[in-house]
Amino acid sequence: MQSLIRGVGIATEQLSRLFKAFEQVGDSRNHTEGTGLGLAISQRIVQLMGGEIQVSSQLGVGSEFSFCVTLPLAQEGAIEVTELPSQPIVSYLGDRRTLLVIDDRWENRAVIQNLLAQLDFEIVEAMNGEDGLEKLQVCQPDAVILDLAMPVMDGFEFLQHLRHDAAFTSFKRIPVIVSSASVGPTDQKLSLEQGGDTFLTKPVDAQALFQVLAEQLSLDWVYEDHPGGFEQQAIAASQMVMPSSQILQTLLTFAQMDNVSDLREHLEHLVETDVQYLPFAEPMLKLAKQYRTEEIETLLQEYLVQEQTDGE
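Computed from a predicted model, the values in this text were never measured in an experiment. (Residues numbered from 1 in each chain as written. Predicted model: local features only at pLDDT ≥ 70, side-chain atom pairs only at ≥ 80, totals over all residues. Heavy atoms only, no water.)

The subject of this paragraph is the packing of helix α3 (residues 129–139) against helix α4 (residues 155–164). Contact pair α3 / α4: the axes reach a minimum separation of 9 Å and the direction vectors enclose 30°. Considering their axes alone, α3 and α4 lie roughly parallel with respect to each other. Once α3 is placed against α4, the crossing between them reads as right-handed. Touching Gly129, Gly132, Leu133 and Leu136 of α3 are Phe158, His161 and Leu162, all from α4. Split into classes, the residues belonging to the contact of α3 with α4 amount to four nonpolar, three polar and no charged. (Axes fitted to C-alpha atoms, helices over the stretch in contact; angles between N-to-C directions. Helix = DSSP H or I, 4+ residues; strand = E, 2+ residues; numbered from the N terminus. Parallel < 35°, antiparallel > 145°, perpendicular 65-115°, else oblique. Left-handed = near helix turned anticlockwise from the far one by under 90°. Contact = heavy atoms within 4.5 Å. Nonpolar A, V, L, I, M, F, W, Y, C, P; charged D, E, K, R; others polar.)

This is the structure in C-alpha cells:
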C-alpha cells in the first residue's frame, strides 16, 4: 500500500474526471505546466499490476491517493542485465530491425524491451510459443529471442514448428537466440539441435547479447562519440542557428509528454527543411534515440530562456 496526501483538495463533483486523459481539475489559477496525462498514465500502470488508484479528498484540506498491488517474489531465472558495454552503444547502421521476444514472464520481456528499444529496435512480445507463432506471421521479425520453459507451448515445440512446418517455410532461416536459465548441456544441445542458432544463459550479459545480435543480424554498432556523454556535446545556443520560439515550444511539449516519435519526426523535418538547423537538431536526435527526454527538455528550456534573454 502506498499513499500520499497533497494539494489543496478537490471538489467532489470533479473526482470523476480526475483520471481522464488531458484533464486538469480544480482552480485553473493553481494549475502548473503539464498536459493532464500524469494521473491517467499512473492509473494505467497500477491497473496493469492488478491494482487501482483510490482517491479521497476534502476541498481546502488535501487529497489522499492510494493503491495496493500484489508483487511476486523474484525467482531464479529472471533476466538480469549483468554487464553493460564500456563504450555505450546508441544505435546501429542500416534499416530498423524487428525482434520477437517470446517469454512467459513479463519482467524478462520488459528488460529486453528497455535494453534494446532505446537502440532503435522494434520489440514485439509474445507470452508463449503458440502466441509467438501467431505474432511471427504478423510482425515478420528479423530475429527471435526465445525462452525454453513456458506454458501452452514451450520453446522446443516452437522450434519444431518454426523449422519443420510448411506453414512457416518463409521463416526457416530466421535467427533464433535461445535464452534460458536451463544451463545444463543437455538443454543447450537439444535447443541447438531443434533449430536454435545460439544460446544465452540467464541472467543475460548485455555485452554477450549485443555480440550475438551483431553476429546473427550482421549489425554494425554506432557508439557514443564521447565518453563524457551527450551533455558535453550540446552546443551553446549562441553558436547555432535556432528555430523559432514556436518550434522550440512544440518540441518541448513533445519531450514533456515523452512523445519520442513526433519529437524525432519534427527534428528530422526541421533539418530536411534547412540543413543549417543540423547543429541544433543532431544532439537531440541522439538523445531521442535513447529516450532521454528529460535531457532534451532541459536543453529546450535553456534555449527558450536564452532566446527570451536575447530578445530583451
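Don't stop here, the text continues.
Taken together, the buried positions of helix α2 (residues 106–116) are occupied by Asn108, Arg109, Ile112, Leu115 and Leu116. Within α2, the buried residues cover an arc of 130° as seen down the axis, which keeps them to one side. Along α2, exposed side chains directed more than 90 degrees from the buried face belong to Trp106 and Asn114. (Buried < 20%, exposed > 50% of the residue type's maximum accessible area, 1.4 Å probe, protein only. Arc of directions from axis to C-beta.)

Here the structure, examined in full by the defined rule, presents five aromatic pairs. Ring centres 4.6 Å apart and planes at 35° place the aromatic pair Tyr92 and Phe121 in the tilted group. Taken together, the residues span a long stretch of sequence, with Tyr92 in strand β4 (residues 89–92) and Phe121 in the loop between α2 and β6 (122–126) at a distance of 29 residues. For Tyr92, a relative accessible area of 6% gives the class buried. Given a relative accessible area of 1%, Phe121 falls into the buried group. Between Phe121 and Trp221, the aromatic rings sit 6.2 Å apart at their centres with planes inclined by 70°, giving edge-to-face as the arrangement. Remark: Trp221 occurs in strand β10 (residues 221–223) and Phe121 occurs in the loop between α2 and β6; sequence separation between them is 100 residues. (Phe/Tyr/Trp six-rings, centres within 6.5 Å; stacked < 30°, edge-to-face > 60°.)

Burial of strand β5 (residues 98–102) is extensive: five of the five residues sit out of reach of the surface. Alternating positions in β5 separate into two faces, Thr98, Leu100 and Ile102 on one and Leu99 and Val101 on the other, with burial throughout. Where β5 and β6 come together, five bridges link them in parallel fashion. Among the inter-strand pairings, Leu100 is bridged to a residue of β6, identified as Val124. Sheet topology places β5 next to strand β7 (residues 143–146); four bridges connect them, and they run parallel. Paired with Val101 across the strands is Ile145, a residue of β7. (Pairing = 2+ DSSP bridges.)

Let's shift gears to the pattern of salt bridges. Evaluation of the coordinates by the stated rule reveals ten salt bridges. Residue Lys202 is joined to Asp103 by a salt bridge in which the shortest nitrogen-to-oxygen separation is 2.8 Å. One end of the pair, Lys202, is in the loop between β9 (198–201) and α6 (206–217); the other, Asp103, is in the loop between β5 and α2, with 99 residues separating them in the sequence. By the burial criterion, Lys202 is buried, and Asp103 matches it. Here the residues in one salt-bridge network are Arg96, Asp120 and Arg264, joined through shared partners. (Salt bridge = Lys/Arg side-chain N within 4 Å of Asp/Glu carboxyl O.)

Further remarks concern a nonpolar patch on the surface. Taken together, the side chains of Ile41, Ile45, Met49 and Leu71 present a nonpolar region at the surface, about 390 Å² in accessible area. Overall, Met49 belongs to the partly exposed group, its relative accessible area being 36%. (Patch = residues over 30% accessible without salt bridge, like charges linked within 9 Å, V, L, I, M, F, W, Y side chains within 5 Å. Areas by Shrake-Rupley, 256 points an atom, 1.4 Å probe, with all protein chains shown as cover.)

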